[in-house]
Every structure is written in structure tokens, then in C-alpha cells.
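For reference, the chains in residue letters:
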Amino acid sequence: MSGTFVGMPAFPAAARDAVRDTTLRGNLRHATHTIRAKRARAVAELDDWERLRQAGKRIKDRTLRHLDRYLVQLEESVTAAGGVVHWAADADEANRIVSELVKATGETEVVKVKSMATQEIALNEALEAQGIHAYETDLAELIVQLGKDRPSHILVPAIHRNRGEIREIFAREMGEWGRPAPEGLTDTPADLAEAARLHLREKFLRAKVGISGANFMVAETGTLVVVESEGNGRMCLTLPETLISVVGIEKIVPTWQDLEVFLQTLPRSSTAERMNPYTSMWTGTTDADGPRAFHLVLLDNGRTDTLADEVGRQALRCIRCSACLNVCPVYERAGGHAYGSVYPGPIGAILSPQLRGTGSEIDASLPYASSLCGACYEVCPVAIDIPEVLVRLRERVVEGGEAVRDGNKVRLRPAKGHAAERAAMRAARWALTRPGALRTGQRLASHTRRLHPRTLPGPGKAWSGTRDLPPVPAEPFRDWWRRTRGGKDGGA
């Protein structure tokens, strides 16, 4: 997987810097609390929300179990409808395919629908290297692009920016990219949206090539679906002569009936709306409407390796609603940039290390970017047990950092490193299976409690640097039980 932010440190270091930025924390707190409250009200309107949630989980799990069959069906359906399907094993192959398709049209500009997959593979940078300029048309993505910034949220990429900062970016940068911002631009939402509309209009009317992702692909018909709130996506999907869609292979649903479930859960979980203002669907090409050529690039980029892990594959259910980000106490304080990936927050902490592996410092740190409070699981519309996957990935990091395919399953490489931790676990196992030794150890700890340090020495400082060790009680529980229960032992 591509898309690691260049030069990013491990999560703890990046988060430490982020929490010192009071403006960033204020922007995040206001935005996440607002979205969180709206989502809760929207979900509460449905008496069958939990059944919809479980239905989405079952549909995704069934699809992932038979993904090979549905991918073949999708290719056949898209081809029959007049589209062309391309297969990309990794980011480099996907970027090469898209670059060649654009160059074949003779164009040097493309307009883009908001797409996590194209951010994942760093498509804009790859196109730029080939002399092709990509224009983001989603309002938040436009803010990020004009500000030479990075996205920090799945749904609201510019969540770390306030209105004053956005006004300054528009006034300073729009003229370098096309139509300049109006004179006297204010920071009111209406003025900022109008400035973006005028700036983008000329791009839409001029562009001959559009690039998109997709929220869903329906295998039985070859239909692609994009849901959005602004309408910019629909302009990109209908006006250009050539449309290229880059989509992860996990975005398939088998039938239209399956799609019905997600069109209820996605908008409520993401924008707290009963339905998306714009839901665009297209199937191949037609002579009378839309692009004349349609290309679908199916992207693997680590997904089949993720699929092989029976625990970790849950991450591939994700429908990119961002609900987990909005309830996560870690994300709220650290922001999205600290995760070093286009997938921030809890879902990024389990998705990025699986797509990219845990060999790098930042990917090895992401499974620890969580308090394991479980709030992310409670709001996930497809019931991804993110804490379970985080623990699984922590195990992988401790056991050696990488998973190895063994037939249809994934096993961990032999353990290396973390010798002190493994020794401590072996000692604990020995004591906990020997009641007499445990009792003696507890009494010794109580008698020497005044001598115990408040922080751990050596490598343990990383844990106790921000918390005190729990105090040892003056009397072990077994002794207290025997004293207060008339001499009866409290257990073996």
C-alpha cells in the first residue's frame, strides 16, 4: 500500500505534537461533537437500527467469503454493459493503468470525485509526475488541495481547519489554480461555498476526463454507486467524455437488495441524514447520456492478504462512514494527521497496518493508538469489532511484526524481540498456576509496599511515564478473607 505520509514519525510522537495545538484540538472537538450528536438523533429514529446493522455485517461477511466469485460476476456485468475492467495488484500498477488511460485521451487535466482509494495509492502525485493535473472537486478535498495539506478525516478531510483558515486559503491560492476568489471574500459558509462553486464550474465545463472511486459496486448488474452531499461528484460522473473509477475489491455487494441496507445505514452514520442528497449510479456506457468510455480499475493493494486473516478481515467490511472517528477520544485529541495514513482514527489503526504491514515504525505503533474503550464498535454500522482487531494486531507486532500466508490462513512469524515482556508473562503464568507461590508473593509485596517505586524502571518508563503504578494493598485479599470470614481460606 502506498500513501504513508512522508517523514511521519510513529503515532505517539505525532500525537504528542498534535495535542499541544490548541486550535487543532478546538476545531476537532467542535466538529466531532456536533457530528456525533446529529448521528445519534438520526439513528434513534429507526426502531430496527440494530437489525440493519447486523444485516450489513452478514452481507459483507458473505460477500468476503465468496469474493472471488463476485469479482468475476462484476467483471462480466461491467463488460456486458460497455465498460472495461482492469485489475491492479498494487498502487504502482493502479497508477500506471490510470496514467496510461488518461494519456490515451490526449488530455492533461482531470477532475476527481472524492475517493479514499485514489488517496491511498497517491494517484494525484503519480499523475502529476506524468504531466497530468488532477483537480479535487469535493469542497473539503479542494480546501486540502489548495492548502497543500493532507486530509485528516474520512468524511470531512478539512475538519482540522476553521472558517477563517479556509477563507485565507481560498484568497491566497485559488488564483494559482484557476478562477481566483471573489474580492472581499468573508468566512461565512455561504460565501465560501459560492467561491468554491465559481472556481470549480470552469473545471467541470472544460474537463474531458473524470476520475472517481465508488462506495459500492453491485455484482449482478455491474452498477457503481457514489453517495455525496454536494453534487460535485455528479458533475464529474456525467460531464466528462471518459470516466475512470478506481475501487477497492471489497466494495462489492452481490445484489440490489443488499444495497438497500447500506443506503439506510451509511448516510445516518456519516452525515446524520436519512438519505444522501445525491446518490449517483451508473452501469457501463450509453450512447445518449454520460461518458462515452468507462474504465473500472479494481484495486487489491493488500486486501487479499487482509482477507486471509480470520480476525483482521473484519476491517474490509468498512463502508467509510467515519462514525468511529467521531466517538474516539484518541482521534479527538490527536487528529487525523498523527495516524500517518489517509485512513485515520480507529478504522485506520486496523486497516493501514494490514494493508501496508507492520514493518514500519508508524504502522507498528497504530494498533496501540487506542484506549480499547469500545465506542468505535458500538457505532459501527457493520459491527466491526475494532478492539478485537487491535488486540490481534498488537499480538502481531509483539510476535514479530508480520503475518505469513500459510495456505488459506495467516500465521505469525516466530517471535523475536520483546524478550523482557515475554519473560514477565512466563513468570506470571508460573505464579498464577501455583497458589502457594502466589500467596507468598502477595504477602511479600504487601510487607514491602513502602519501598515500591511509583514508576517502572528501564523500558517500563514508557508505560508509567504518564501514570502511577497502582498501590499495593496493606493486606492481600486472601488474608483479609480469612480474617473476616473466620479462618476460611478465600481460595486455592
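Residues numbered from 1 in each chain as written. Predicted model: local features only at pLDDT ≥ 70, side-chain atom pairs only at ≥ 80, totals over all residues. Heavy atoms only, no water.

Student: Would you explain the packing of helix α3 (residues 49-65) against helix α12 (residues 256-270) in this entry?
Tutor: For any two helices packed against each other, the geometry is given by the interaxial angle and the distance between the axes. In the contact formed by α3 and α12, the axes pass within 10 Å of each other and the chain directions differ by 125°. It follows from the interaxial angle that α3 and α12 lie oblique. The interaxial crossing formed by α3 with α12 has left-handed handedness. Mapping the contact onto sequence places W49, L52, A55, G56, I59, K60 and R62 in α3 and D258, V261, F262, Q264, T265, R268 and S269 in α12. When its residues are assigned to classes, the contact of α3 with α12 shows 6 nonpolar, 4 polar and 4 charged. (Axes fitted to C-alpha atoms, helices over the stretch in contact; angles between N-to-C directions. Helix = DSSP H or I, 4+ residues; strand = E, 2+ residues; numbered from the N terminus. Parallel < 35°, antiparallel > 145°, perpendicular 65-115°, else oblique. Left-handed = near helix turned anticlockwise from the far one by under 90°. Contact = heavy atoms within 4.5 Å. Nonpolar A, V, L, I, M, F, W, Y, C, P; charged D, E, K, R; others polar.)

Student: In this structure, what is going on with the pairing of strand β6 (residues 223-228)? I would like to understand it.
Tutor: Put simply, side chains in a regular strand alternate between the two faces of the sheet. Counting buried residues in β6 gives 6 out of 6 residues, a clear majority hidden from the surface. Covered by surrounding structure in β6 are T223, V225 and V227 together with L224, V226 and E228, the residues of both alternating faces. In this structure, strand β5 (residues 216-218) lies alongside β6, joined through 3 bridges in antiparallel fashion. The residue bridging M217 from the neighbouring strand is L224, located in β6. With antiparallel pairing between neighbouring strands as the criterion, β5 and β6 make up a hairpin whose turn holds 4 residues, including G222 at a positive phi of roughly 80°. Here β6 runs beside strand β9 (residues 278-283); their pairing, made up of 6 bridges, is antiparallel. Paired with L224 across the two strands is W282, which belongs to β9. (Buried < 20%, exposed > 50% of the residue type's maximum accessible area, 1.4 Å probe, protein only. Pairing = 2+ DSSP bridges.)

Student: Can you help me understand the packing of helix α16 (residues 345-356) against helix α19 (residues 386-399) in this one?
Tutor: Across the interface, α16 lies against α19 with an axial gap of 10 Å and an inter-helix angle of 40°. On the basis of the axis angle, α16 is oblique to α19. Every pair of crossing elements has a handedness; the one defined by α16 and α19 is left-handed. Of the residues in α19, those in contact with P346, I347, A349, I350, P353 and Q354 of α16 are I386, V389, L390, L393 and R396.

Student: Please clarify how the side chain of N232 should be interpreted in this entry.
Tutor: Mapped onto the elements, N232 comes out in helix α11 (residues 232-238). Filtering out sequence-adjacent residues up to four positions away, N232 remains in contact with T137, D138, L139, L200 and F204.

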